[in-house]
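Listed here are the chains, written in short residue letters.
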Amino acid sequence: AQSVTQLGSHVSVSEGALVLLRCNYSSSVPPYLFWYVQYPNQGLQLLLKYTSAATLVKGINGFEAEFKKSETSFHLTKPSAHMSDAAEYFCAVPISGGYNKLIFGAGTRLAVHP
Amino acid sequence: DAGVTQSPTHLIKTRGQHVTLRCSPISGHKSVSWYQQVLGQGPQFIFQYYEKEERGRGNFPDRFSARQFPNYSSELNVNALLLGDSALYLCASSLRVQTYEQYFGPGTRLTVT
């Protein structure tokens, strides 16, 4: 069965600093991987998705993620954090045999301070 | 275009009661999925409906049920509420069942006392 693990429930960075949010998936190669963002009192918004076409995926708001099969990782990065990036970020993988049925990680709350 | 809408936004119920949550998908979307997000955790898949038929069910007890109407809107029903059912309930819609593109609503915050 597919699963994802997000290392670090809270990450704090300074404005302008590199953002790195970690996600590792279960050893079986997933067909797709996703990063979603959740702002306070809002639903989930898709940041980016890996679809096997390219290992480096660019998403919205300057975020990108790199699929590394050897490390079973799909870490999310952004070169320069902005105050508006403060939110909760979730990594997700489809349930085996499912399409839009997702398994989510526990989430990482990103805080950005001046 | 309106996104996914959910009602109510907040709800407080007592243990043992029943609750109905509603979701209207994006216009033209035929698939609706429901997720439960307990505080401090990631969302957990509950149900998927497509063309009024259940197409997937997560590991939730039979107290949870759902249906989809001809206009593709959906209801999630939970009977015999427990304290542990307190959560944010998210609805997501997609154009069809075999797609990875889904769009989430703002959720309904259910508190069970």
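These lines cover the structure that appears in this document, whether it is placed above or below.

Basis of the calculations
Residues numbered from 1 in each chain as written. Chains lettered and ligands numbered in written order. Predicted model: local features only at pLDDT ≥ 70, side-chain atom pairs only at ≥ 80, totals over all residues. Heavy atoms only, no water. Contact = heavy atoms within 4.5 Å. Buried area = accessible area lost by both parts, 1.4 Å probe. Salt bridge = Lys/Arg side-chain N within 4 Å of Asp/Glu carboxyl O. Polar contact = N/O pair within 3.5 Å; in protein donor to acceptor, adjacent residues only side chain to side chain. Pairing = 2+ DSSP bridges. Helix = DSSP H or I, 4+ residues; strand = E, 2+ residues; numbered from the N terminus. Axes fitted to C-alpha atoms, helices over the stretch in contact; angles between N-to-C directions. Buried < 20%, exposed > 50% of the residue type's maximum accessible area, 1.4 Å probe, protein only.

## Quick word on the interface of chain B and chain A
Moving on, step 1. Listed by partner, the interface residues are 25 residues for chain B and 21 residues for chain A.
Moving on, step 2. Between chain B and chain A the total buried area reaches about 1,800 Å² when both faces are included, carbon and sulfur atoms providing 56% of it.
Moving on, step 3. Summed over the shared surface of chain B and chain A, the number is one salt bridge.
Moving on, step 4. A salt bridge links Glu101(B) to Lys49(A), with the shortest nitrogen-to-oxygen separation between them at 2.4 Å.
Moving on, step 5. Inspection of the chain B/chain A interface yields five residue pairs in polar contact (both at pLDDT 80 or more).

## A few points about the sheet that holds strand E3 (residues 19–25) of chain A
Residue and element names in this part refer to chain A.
Moving on, step 1. The sheet built from five strands is open, its strands ordered E1-E3-E8-E7-E6 with antiparallel pairing. What marks the edges here is a single partner per strand, and that holds for strand E1 (4–7) and strand E6 (56–58). The average undirected angle you get between the axes of adjacent strands in this sheet is 20°.
Moving on, step 2. Bridge count for E1 against E3 is four bridges, and the pairing is antiparallel. Bridge pairing in E3 links Leu 7 to Arg 22.

## Comments concerning the pairing of strand E11 (residues 108–112) of chain B
All names here are of chain B.
Moving on, step 1. Burial along E11 is one-sided: Thr 108, Leu 110 and Val 112 are buried, and none of Arg 109 and Thr 111, which face the opposite way, are.
Moving on, step 2. Examined bridge by bridge, strand E2 (residues 10–13) and E11 share four bridges and lie parallel to one another. In the strand pairing of E11, Ile 12 is matched with Thr 111.
Moving on, step 3. In the sheet, strand E9 (residues 87–94) pairs with E11 via three bridges, with the strands oriented antiparallel. Residue pairing for E11: Ala 87 is matched across the bridge by Leu 110.

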